[in-house]
Amino acid sequence: MTSGARRGRHREVLPELLDLATDPAAPPDPAWEAAAAAIQILCWEDRFAEAASWPSC
């Protein structure tokens, strides 16, 4: 997922990243990586309020 985002498919993978980042059963390392990528994508899309409102990050 995050590699797809890095290749320019960020809008396509954002929902998957958000799901993984907020899944309480997800392993910590992939969840943190997904959260970081999702926040970066939200910032690129000028969705700063959404990126800033994440309680888990």
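What counts as what
Residues numbered from 1 in each chain as written. Predicted model: local features only at pLDDT ≥ 70, side-chain atom pairs only at ≥ 80, totals over all residues. Heavy atoms only, no water. Helix = DSSP H or I, 4+ residues; strand = E, 2+ residues; numbered from the N terminus. Buried < 20%, exposed > 50% of the residue type's maximum accessible area, 1.4 Å probe, protein only. Contact = heavy atoms within 4.5 Å. Areas by Shrake-Rupley, 256 points an atom, 1.4 Å probe, with all protein chains shown as cover. Polar contact = N/O pair within 3.5 Å; in protein donor to acceptor, adjacent residues only side chain to side chain. pLDDT = per-residue confidence, 0-100. Core = buried A, V, L, I, M, F, W, Y, C linked by side-chain atoms within 4.5 Å. Expected span 1.5 Å × (residues − 1). Bend = angle between axes of the 7 residues up to and from the residue.

(A) Main features of the overall build of the protein. Each helix and strand counted, the protein has 4 helices and 0 strands in total. Going from N to C terminus, the protein has its helices and strands arranged as α-α-α-α. Taking all 57 residues of the protein together, 32% fall into the buried category. Long-range contacts, defined here as pairs at least 24 residues apart, represent 41% of the contacts in the protein between residues at least 6 apart. Entry remark: accessible area of the protein is about 3800 Å², with carbon and sulfur atoms responsible for 56%.

(B) Spatial organisation of the side chain of E45. Considering the arrangement of structural elements, one finds E45 in the loop between helix 3 (28-44) and helix 4 (48-52). There is a polar contact of 3.0 Å between the side chain of E45 and the side chain of R47.

(C) A look at the environment of I39. The residue I39 is located in helix 3 in this model. C-alpha of I39 to C-alpha of L18: the two residues are 21 residues apart in sequence and 9.0 Å apart in space.

(D) Just the confidence of the model for the protein, in detail. This prediction gives the protein a mean pLDDT of 78; 77% of its residues lie at or above 70. Looking across the protein, the model is least confident in helix 1 (residues 2-6), with a mean pLDDT of 56, and most confident in helix 3, with 86.

(E) Summary view of the nonpolar core. Core analysis: the largest hydrophobic core is formed by 11 residues, namely V13, L14, L17, A21, A34, A35, A37, A38, I41, L42 and A51. At the level of secondary structure, the elements contributing two or more residues to this core comprise helix 2 (10-22) and helix 3.

(F) Broad picture of helix 2. Taking 1.5 Å as the rise per residue, helix 2 with 13 residues should run 18 Å; its terminal C-alpha atoms sit 17 Å apart, in good agreement. Maximal helix bending in helix 2 amounts to about 25 degrees, located at E16. Along helix 2, the residues that are buried comprise V13, L14, L17 and A21.

(G) Representation of helix 3. Here helix 3 contains 17 residues, and its C-alpha end-to-end distance of 24 Å stays within 8% of the 24 Å for a straight helix at 1.5 Å per residue. Those residues of helix 3 lying buried are A31, A34, A35, A37, A38, I41 and L42.

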